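Listed below, chain by chain, are the residues.
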Amino acid sequence: MPHYQVTIPDPHTHLFHVTLTVKNSASVQSQLSLPSWIPGSYMVRDFCKNIVSIRFVNLAEQPINFEKIDKQTWLVHNNKQGYKAVYTFYAFDTSVRTAYLDQFRGFFNGTSSFIKVEEFAESEHQVEIIKPTACPDWQLATGLNRITGDTFDFGTFKAPNYLELIDYPFEMAAFTTETFYVKNIPHHIVISGKHDADMARIAQDLTPLCQHHLDYFSAPYPIEEYYFLINIVGDGFGGLEHLNSTALLCSRDSLPHKTDDKGIFSEKYQGFLSLCSHEYFHTWNVKRIKPAAFVTPDLANETYTKQLWFYEGITSYVDDFSLNATKLITAEQYLTTLAKALQRLFNNQGRFIQSAAESSFDAWTKFYKQDENATNAIVSYYTKGAFIALCLDLHIKANTNNQFCLQTIMQDYWHDFNQGKQGTTDLSIIDKVKVITGLNIESLFQDWVEGTNELPIDKYLSKFGVNLTLAPDTEKSVINTGLSFKKTTDKLIIQTVAADSIAQLAGLSANDEILALNHLKVVSPNDFNSQLKQNINQTIKLHVFRRDELFSVNLTLNAEQTNQVKLNIVEPTLATNWLVLP
């Protein structure tokens, strides 16, 4: 049984110290390795690069021979004897995907910290976390099963196998906590970082969301407790799902303050609740119900699936939808949020190039390693997947007289999991919908998931009393040049150029710096847009730097307007079959 002891001699060094002990081994040579990626984030991150030092000794602390056979794998010549791996790893990444350590906070995922012993991959693993003497006020939060200590104590923990071990992040700090209960299940809010958040209100608002998701799938429930591990920073946003917890990164101003009006939901706080909703829904959808390829993933290499549109798309649909379903926001507020997501989809010309299935499969490269041409070449399996989920939900409701819906389908997937059926196939949703509802969605699947045609979103929204319109966006320029700009203070630098736009046809490219329009200096998008409005249906001259070379281009402007998606309820009676109205 592998045993890991984690110590922090000096948090200022940003180094975690780990001693991995294997007391008994039947192997002459033992293979050990560190994962290359973390489940839920589909990019090879090479966590091995953060290993600063490593040595191997026998149980008498005498050095034993070993060799490194690739970037993340070691072969230890232990001759059927017990041994130890003694190593340090660097941790100074505030993201939810790796590890962080300083005098104020410690955090790590198992993929960054626990070297795998191949011989004992399916055996019980134990982890002992020693409280750093330099941080006497620190507590520890993790969903990993405890052997010693009370909630938030340092102590010893266990997991039934290596794959489960790495699915429980650890948060250490003088954090603040709030615990609430849903269906007698304790849910812990843990916030690290300086803040003045209204913890009671956050708990109050998360309670109906968690209740919604538990009811969405119904019993048996997959968790006995749950942790929202929140790291507060000045500016940040993100989350990563785990078996009974989520690691979240959010900005300080996204949380409500104790002095705030309890009846007001800021846009940023709504976004925070949506993020919590998203990651909590993943407790079922991808952590238990998952693609067949993810049941036993190859953590050393990319593990491919065409189904991320399903796992991230459906989750992205439900995360905001549930805010209205629980009456945390109104139907109008939900439709405003939905319109913004639809605007992002419509602004992405890549939706006509790449299908949702292809986007899923190519997540490792095209989605997670986007360049300046991404908007013209790819589509997000999150965004398009969410609207596929919306269309599927409304298609099922409309064609079964509201007898069935997407929730019915997801409940059956959950039933399958509890019957021991693990791993979904690319086409399983077609069979599932037909068996439960009698509807044949094979042609829809080919169009929506495997194809690149426009989704019939307006058609399905109209069936439920919602009108979709494209109207001029008065907050933006009336001229659609196809340009977007980087956020800079004193330079106008192009971020993206839309395919077939007048900007692309004129020869402008990403990273070009626009200096002047018609010989007048421009330093911001507002400057640029203001001068565009004065030159409708005219040809303008731009002076531009590409790298350190100056050139000029002519742009012939037309009156094409930048449109904005608007969603409005026009038939409330129909809308009540989908949304919660007053």
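Each value, and the rule that gives it
Residues numbered from 1 in each chain as written. Predicted model: local features only at pLDDT ≥ 70, side-chain atom pairs only at ≥ 80, totals over all residues. Heavy atoms only, no water. Pairing = 2+ DSSP bridges. Helix = DSSP H or I, 4+ residues; strand = E, 2+ residues; numbered from the N terminus. Axes fitted to C-alpha atoms, helices over the stretch in contact; angles between N-to-C directions. Contact = heavy atoms within 4.5 Å. Buried < 20%, exposed > 50% of the residue type's maximum accessible area, 1.4 Å probe, protein only. Right-handed = clockwise from strand over helix to strand, strands pointing away. Phe/Tyr/Trp six-rings, centres within 6.5 Å; stacked < 30°, edge-to-face > 60°. Core = buried A, V, L, I, M, F, W, Y, C linked by side-chain atoms within 4.5 Å. Parallel < 35°, antiparallel > 145°, perpendicular 65-115°, else oblique. Nonpolar A, V, L, I, M, F, W, Y, C, P; charged D, E, K, R; others polar. Disulfide = S-S within 2.5 Å. Polar contact = N/O pair within 3.5 Å; in protein donor to acceptor, adjacent residues only side chain to side chain. Salt bridge = Lys/Arg side-chain N within 4 Å of Asp/Glu carboxyl O. Expected span 1.5 Å × (residues − 1).

An account of the sheet that holds strand 16 (residues 176–182) is needed here, citing residue identities and associated values.
Strand order across the open sheet formed by five strands is 16-17-18-20-19, with mixed pairing between neighbours. A strand with exactly one partner marks an edge of an open sheet, and here the two such strands are strand 16 and strand 19 (237–241). Between one strand axis and the next, the sheet turns by 15° as a mean value, whatever way the strands run. Both strand 17 (residues 185–192) and strand 18 (residues 226–233) contribute to a ladder of six bridges, which runs parallel. Bridging from a neighbouring strand, Ser 192 pairs with Asn 231 of strand 18. Contacts between helix 3 (residues 199–217) and the sheet are confined to strand 16, strand 17 and strand 18, with strand 16 contributing the most and set at about 35° to the helix.

I'd like a rundown of the pairing of strand 18, residues and numbers included.
With eight of its eight residues buried, strand 18 lies for the most part within the structure. Because side chains alternate across strand 18, one face comprises the buried residues Tyr 226, Phe 228, Ile 230 and Ile 232, and the other comprises Tyr 227, Leu 229, Asn 231 and Val 233, equally buried. After leaving strand 17, the chain enters helix 3 and then returns to the sheet as strand 18, a path that is left-handed. Where strand 18 lies against strand 20 (residues 245–251), seven bridges are found, and the strand directions are parallel.

Describe the packing of aromatic side chains, and please don't skip the residues or the numbers.
Counted under the stated rule, the structure contains 44 aromatic pairs. Judged by centre distance (6.2 Å) and plane angle (70°), the rings of Trp 309 and Phe 445 are edge-to-face. With Trp 309 in helix 6 (residues 308–325) and Phe 445 in helix 14 (residues 442–448), this residue pair connects regions lying 136 residues apart in the sequence. With a relative accessible area of 4%, Trp 309 lands in the buried category.

Please set out the nonpolar core residue by residue, giving values where relevant.
Counting residues in hydrophobic clusters, the biggest one holds 150 residues, and the most contacted among them are Phe 228, Ile 429 and Trp 578. Apart from residues no more than four positions distant in its own chain, Phe 228 is found in contact with Phe 180, His 187, His 188, Ile 189, Val 190, Leu 206, Cys 210, Thr 246, Leu 248, Cys 276 and Tyr 280.

Report on the packing of helix 12 (residues 406–418) against helix 13 (residues 428–437), specifying residues and quantitative values.
A pair of packed helices is characterised by two quantities: the angle between their axes and the separation of those axes. Where helix 12 contacts helix 13, the two axes come as close as 10 Å, and the packing angle between them is 105°. Relative to helix 13, helix 12 is oriented roughly perpendicular. Note on element contacts: helix 13 touches helix 12 through Ser 428, Ile 429, Lys 432, Val 433, Ile 436 and Thr 437, opposite Thr 408, Ile 409, Asp 412, Tyr 413 and Asp 416. A per-class count over the contact of helix 12 with helix 13 returns five nonpolar, three polar and three charged.

Which residues make up the state of the cysteines, and what are the values?
What the rule picks out here adds up to zero disulfides. Free cysteine Cys 210: the closest other cysteine sulfur is in Cys 276, separated by 8.2 Å.

A description of the environment of Asp 261 should follow, citing residues and the corresponding values.
Looking at where Asp 261 falls in the secondary structure, it is placed in the loop between strand 20 and helix 4 (267–281). The exposure class assigned to Asp 261 is partly exposed, which follows from its relative accessible area of 49%. Separated by 115 residues in sequence, Asp 261 and Arg 146 place their C-alpha atoms 39 Å apart.

Tell me about the side chain of Thr 315, and please be specific about residues and values.
Following the sequence through the fold, Thr 315 ends up in helix 6. Taking the relative accessible area as the measure of exposure, Thr 315 reaches 0% and is therefore buried. Side-chain polar atoms of Thr 315 contact the backbone oxygen of Tyr 311, separated by 2.6 Å. In this structure Thr 315 touches His 278, Phe 281, His 282, Asn 285 and Phe 310, once residues within four positions along its chain are discounted.

How would you explain the packing of helix 3 against helix 12 if you had to name every residue and give the values?
Contact geometry for helix 3 and helix 12: axes closest at 8 Å, N-to-C directions at 70°. Between helix 3 and helix 12, the interaxial angle falls into the category roughly perpendicular. Listed contacts from helix 12 to Asp 215, Tyr 216 and Phe 217 of helix 3 are Leu 406, Gln 407, Met 410, Gln 411 and Trp 414. Its residues assigned to classes, the contact of helix 3 with helix 12 comprises five nonpolar, two polar and one charged.

Describe in detail the pattern of salt bridges, supporting the description with residues and values.
With the rule as written, the count across this model stands at 14 salt bridges. Here Lys 84 ties to Glu 61 by a salt bridge, and the two come within 2.6 Å at their closest N and O atoms. Residue Lys 84 is found in strand 7 (residues 83–90), and its partner Glu 61 is found in the loop between strand 4 (51–58) and strand 5 (66–70); the two are separated by 23 residues along the sequence. A salt bridge links Lys 432 to Asp 416, with the nearest nitrogen and oxygen atoms 2.3 Å apart. Pair noted here: Lys 432 is in helix 13 and Asp 416 is in helix 12, with a separation of 16 residues, a long-range link. Across this residue pair, the class does not change: Lys 432 and Asp 416 are buried. It is possible to trace a salt-bridge network through shared partners that takes in Asp 412, Asp 416, Lys 421 and Lys 432.

So what's going on with helix 6? Residues and values would help.
Over its 18 residues, helix 6 extends 24 Å from the first C-alpha to the last, a length consistent with the 26 Å expected when each residue adds 1.5 Å. Downstream of helix 6 by one or two residues, Lys 327 has phi in the positive range, about 65°.

Remember, this is a structural readout, not a statement about activity or role.
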